[in-house]
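Overview (structure and organization)
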Amino acid sequence: MGAALAHRRRLAVIVTIMMPILGRPHHPAVSVALWVGNQIDTKTLGRYVAAQLLGAVVGALLIKGLFPASMARITSLGTPSMSGAMGLFDGIVLEALFTFFLVSAVYGTVVSPQAQRVGGFAVGLTVLVCALGGGALTGAVMNPARDVGPALVSWDWHTQAVYWIGPLIGAAAGGALWKYLRCRGAPQDLT
């Protein structure tokens, strides 16, 4: 619980501080959601995803270089893993659901021009809720780069399908929903 709270608060602060500077998605699932929702073009999507995957690999290499080899082997450099109680399909569904919620938070509080300036808090809180609800089951990764970087460097490829298929389905569904809602002309003011 303490680790989940600390990580999510850190994420909320980083998103809030860096949003005006970077203004870009920080992982492939959110990038795909923005592409599905026509917020970025295909070329931009490719550049973002390549940079995000490269960043994940560099991060895993740094961890491998900073920690003793025995610790890197035991932890697979942080490669996520699923609970033994979860099947492949169950893991994919949970990761898709978590990513859908994350994408909805991003669209509703960061992308929407009507959004209040609470994007970092809302995104961090969404990740916290997903981590508390499913962290013990799938790790609540919601980010293919978060899995592929450590997996590549540690050469531990178990459950890759869960962390790619689930988040990409959830991201596509979230992006499509927000695109549909914008096309329908959702009300500007609900008060």
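That block above? That's the structure.
Remember, predicted model here, so these are calculated numbers, not experimental data.

**Some details on helix α2 (residues 28–36)**
- Where burial is concerned, most of α2 is hidden: 7 out of the 9 residues are buried.
- Looking one or two residues past α2, N38 carries a phi angle of roughly 60°, positive in sign.

**Quick word on the side chain of N143**
- Tracing the backbone shows N143 in the loop between α6 (119–134) and α7 (144–154).
- Residue N143 is classed as buried on the basis of its relative accessible area, which comes to 14%.
- Excluding residues that lie within four positions of it along the chain, N143 makes contacts with H27, P28, Y163 and P167.

**Quick word on the packing of aromatic side chains**
- On inspection of all chains with the given rule, the structure shows 3 aromatic pairs.
- Centroid distance Y107 to W178: 5.8 Å. Interplanar angle 10°. Geometry classified as stacked. Residue Y107 is located in helix α5 (residues 88–111), and its partner W178 is located in helix α8 (residues 160–183); the two are separated by 71 residues in the primary sequence.
- With relative accessibility at 1%, the residue Y107 sits in the buried group.

**A few points about the packing of α2 against helix α3 (residues 42–66)**
- Put simply, α2 and α3 touch, their axes get as near as 9 Å, and they point 175° apart. Regarding the angle of α2 to α3, the classification is roughly antiparallel. Along the contact surface, α2 presents P28, S31, V32 and W35, while α3 presents T42, L45, Y48, V49, Q52 and L53.
- In terms of residue class, the contact of α2 with α3 is built from 7 nonpolar, 3 polar and no charged.

Reading the values: the criteria
Residue numbering note: each chain is counted from 1, following its sequence as written. Totals for whole chains, interfaces and linings use all residues, but because this is a predicted model, local features are given only for residues with pLDDT of at least 70 and pairs of side-chain atoms are given and counted only at 80 or more. The basis for every side-chain value is the complete set of heavy atoms in the structure, and neither hydrogens nor water enter the calculation. Working definition: with a 1.4 Å probe on protein chains only, accessible area under 20% of the residue-type maximum means buried, over 50% means exposed, and in between means partly exposed. Helical segments are the DSSP runs of H or I of at least four residues, strand segments are the runs of E of at least two, and each set is numbered from the N terminus. We call two residues contacting when some pair of their heavy atoms lies within 4.5 Å. Think of it this way: a Phe, Tyr or Trp ring, Trp meaning its six-membered ring, pairs with another when their centres are within 6.5 Å, and the plane angle makes it stacked under 30 degrees, edge-to-face over 60, tilted otherwise. Convention adopted: a line fitted to C-alpha atoms gives each axis, helices being fitted over their contacting stretch, and angles between N-to-C directions are expressed from 0 to 180 degrees. By definition in this entry, angles of less than 35 degrees are roughly parallel, angles greater than 145 are roughly antiparallel, angles of 65 to 115 are roughly perpendicular, and the rest are oblique. Side-chain classes are defined by residue name, with Ala, Val, Leu, Ile, Met, Phe, Trp, Tyr, Cys and Pro counting as nonpolar, Asp, Glu, Lys and Arg as charged, and the others, Gly among them, as polar.

On their own, these measurements won't tell you what the molecule is for.
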